[in-house]
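Overview (structure and organization)
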Amino acid sequence: MTEAPQDPVAVPAESPARPAKVERFQTLTGMRDVLPPDSARRRALVQMFADTVAAAGYTEVVPPIVEDLGVFLRVGETTDVVTKEMYDFTDKDGTRIALRPEMTAGVVRAFVQHKPLLPWKVWYAGTNFRHEKPQKGRYRSFEQVGVEALGVDDPDLDVEVIALGWRFYESLGLRQVRLQLNSLGEGQDRARFTEALRVFLEARAGELSEEGRSTLARNPLRVLDSKRPEDRAVVAHAPMVADHLSPASKEHFERVCSGLDSLEIPYAVDDRLVRGLDYYRRTTFEYAADALDAAQNAIGGGGRYDGLAEDLGGPATDGIGFALGVDRILLACDAEGVFPAPVAVLDAFVVDLVGGDAARDITHELRAAGLSADRRFGGGSMKAQMKSADRSGAAHAVIVGSDEADAGEVTLRSLRAVANDQRRVPRARLVGELKAAARSTPTTRDPSPGSQQEIEEHS
Ligand code: AMP
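As a starting point, this report considers the structure included with it. Owing to the predicted nature of the structure, the values given are computational and were not obtained by experimental measurement. (Residues numbered from 1 in each chain as written. Predicted model: local features only at pLDDT ≥ 70, side-chain atom pairs only at ≥ 80, totals over all residues. Heavy atoms only, no water.)

Here's the deal with the overall build of the protein chain
The helix and strand tally for the protein chain stands at 16 helices and 18 strands. Taking 23 Å as the expected radius of gyration for a compact globule of 459 residues, we find that the protein chain reaches 28 Å, considerably beyond that expectation. Principal axes of the C-alpha set define a box for the protein chain whose edges measure 90 × 75 × 45 Å. In the protein chain, 71% of the contacts between residues at least 6 apart in sequence involve partners at least 24 apart. Taken as a whole, the protein chain presents about 23700 Å² of accessible surface, with 52% of it coming from carbon and sulfur. One finds the centroid of the 57 positive side-chain charges in the protein chain at a distance of 4 Å from the centroid of its 71 negative side-chain charges. (Helix = DSSP H or I, 4+ residues; strand = E, 2+ residues; numbered from the N terminus. Rg over C-alpha atoms; globule rule 2.2 N^0.38 Å. Contact = heavy atoms within 4.5 Å. Areas by Shrake-Rupley, 256 points an atom, 1.4 Å probe, with all protein chains shown as cover. Lys, Arg positive; Asp, Glu negative; His and termini not counted. Charge placed at Lys NZ, Arg CZ, Asp CG, Glu CD.)

In structure tokens, the structure reads:
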């Protein structure tokens, strides 16, 4: 007889006695469970985003959450997101891999790998991971929605992308969003400007904060968006990127600005806007929510990354995109009192007083007919079952007592009507009656203002 192979993670045949105290686990620091009704609100937000961008010709891309570490190193070797905050580790086969800290690198890797037809206009929704110090609006696991458009150099594409983000915020009901815009110039402009900035900042290094000096050593551009007062004082006199733009970059930027003017999308040109990742070229932009605290008010941002496909081993391809932070957008919606959680409404809740067959069969029959229905398991008194029916948010209770069962009927009671509104209907007509009622009432109820779930951080 051959021996069965050993399963390396098999539970021992005789499990040891249950320990007296079982360890209870919690979400990791900076990570949160999304529970109902916030989960429904997120789903509704992503759906609204999908509808907005699908109407502009964008289709969904779903890259994996983990990539070869090199994909991210290639895009941000001088950025905190990649050097300090990334969850990277060695896989079982020795490959160095990382949980994605942002979406663009993976999407452009997919573009290079699959060589789709141009232009490639895609959208995504997904979770990213950054090992940051958690606080309200800053988590280690957070969700983004975004678009990427590759293969077009036209500044009108920049306008399309920026406008899509803007319209999406508007469709959620947000009114206190500010758009900031800048151009970092083409690769050569950016390199010349960075050098001029480095020389300027090095001459004043003594006036910078300690953190500012360390940022200067890694990436002079990032000193521009330092929030520290010492750094801001120095930066106020720093060279301007606008003075280092080539005529072509300038013309591109002017067309973007006039396009936004034409679409009546308000913006402010912010010469200090550089953004976190290395790959940005020419147009860069950020959306800020004025309803949130200044420290965490960035609710989205993006820009052109014309050299990125080449950096990842593909052909030279222009590209632009944005990523919007779902967690922060929902906080901004709370602050403005808009986009509440949708409340799911059932068409019917079956109350069975005759032993359970009716509840089992009628819920099945209603669901098969395309209606939504629920019931209480384990039966219970009329009062207990009606309480469950009320709590379910169902539009109607379908009550089956012995009278109804004998007559082949059900009692249909409205759970919305103020006055008692109930009638007996033949069971064979139940589906038709409920469908007629569903047509005259929406399937979701107007919710009370939703609240973004705030789960305590364990630090
Ligand atoms: P970034 O890729 O850093 O430009 O981020 C784009 C958007 O994602 C930001 O504007 C934020 O809204 C959101 N975001 C970035 N980092 C976090 C985080 N740690 N927690 C929550 N949202 C984040």
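Some details on the side chain of Ser 141
Tracing the sequence through the fold places Ser 141 in strand β6 (residues 141-150). Beyond its immediate sequence surroundings of up to four residues, Ser 141 is in contact with Gly 30, Met 31, Thr 127, Asn 128 and Phe 129.

Focus: the pairing of β6
By the criterion of burial, β6 is predominantly enclosed, with 10 of the 10 residues buried. Sheet topology note: the strand β5 (residues 120-129)/β6 ladder contains 10 bridges and is antiparallel. Each bridged residue has a counterpart across the sheet, and for Phe 129 the counterpart in β6 is Ser 141. Here β6 pairs with strand β11 (residues 319-325) via seven bridges, running antiparallel. Bridged to Val 147 within β11 is Phe 322. (Buried < 20%, exposed > 50% of the residue type's maximum accessible area, 1.4 Å probe, protein only. Pairing = 2+ DSSP bridges.)

Structural notes on the packing of aromatic side chains
What the rule picks out here adds up to nine aromatic pairs. Where Phe 49 meets Phe 322, the ring centres are 6.2 Å apart and the plane angle is 70 degrees; that geometry is what we call edge-to-face. Of this pair, Phe 49 sits in helix α1 (residues 38-54) while Phe 322 sits in strand β11, and the two are 273 residues apart along the sequence. With relative accessibility at 1%, the residue Phe 322 sits in the buried group. The interplanar angle of 70 degrees and the centroid separation of 5.0 Å between the aromatic rings of Tyr 169 and Tyr 287 together place this pair among those described as edge-to-face. With a gap of 118 residues between them, Tyr 169 in helix α5 (residues 155-172) and Tyr 287 in strand β9 (residues 281-289) connect regions that are remote in the sequence. Judged by its relative accessible area of 1%, Tyr 169 is buried. With relative accessibility at 0%, the residue Tyr 287 sits in the buried group. Following the ring pairs from residue to residue traces out a cluster consisting of Phe 49, Trp 123, Phe 168, Tyr 169, Phe 285, Tyr 287 and Phe 322. Sitting over the ring of Tyr 139, Arg 32 keeps its end group 3.8 Å from the ring centre. (Phe/Tyr/Trp six-rings, centres within 6.5 Å; stacked < 30°, edge-to-face > 60°. Lys NZ or Arg CZ within 6 Å of the ring centre and 35° of its normal.)

A closer look at the sheet that holds strand β13 (residues 348-352)
Hydrogen bonds between backbone groups are what pair the strands of a sheet, and the pairing can be parallel or antiparallel. Judged by pairing direction, the sheet is mixed, and its five strands sit side by side in the order β14-β13-β15-β16-β17 without closing on themselves. Looking along the sheet, the strands with just one partner apiece sit at the ends: β14 (373-375) and β17 (422-426). The sheet shows a mean angle of 30 degrees between the axes of neighbouring strands, taken without regard to direction. Direction of pairing for strand β16 (residues 409-414) relative to β17: antiparallel, over a ladder of five bridges. Its bridge partner lying in β17, Val 410 is registered against Val 425. (Axes fitted to C-alpha atoms, helices over the stretch in contact; angles between N-to-C directions.)

As for the pairing of β16
Two strands pair when backbone bridges link them, and strand β15 (residues 396-400) and β16 are joined in this way by four bridges, in the antiparallel orientation. Looking across to β16, one finds that Val 398 is bridged to Leu 412.

Some words on the pattern of salt bridges
Going through the model one piece at a time under the given rule, you end up with 28 salt bridges. Its salt-bridge partner being Arg 367, residue Asp 374 comes within 3.9 Å of it at the nearest N-O pair. You can call Arg 367 partly exposed: its relative accessible area is 44%. Residues participating in the shared-partner salt-bridge network are Asp 153, Asp 158, Arg 282, Arg 304, Asp 306 and Asp 318. (Salt bridge = Lys/Arg side-chain N within 4 Å of Asp/Glu carboxyl O.)

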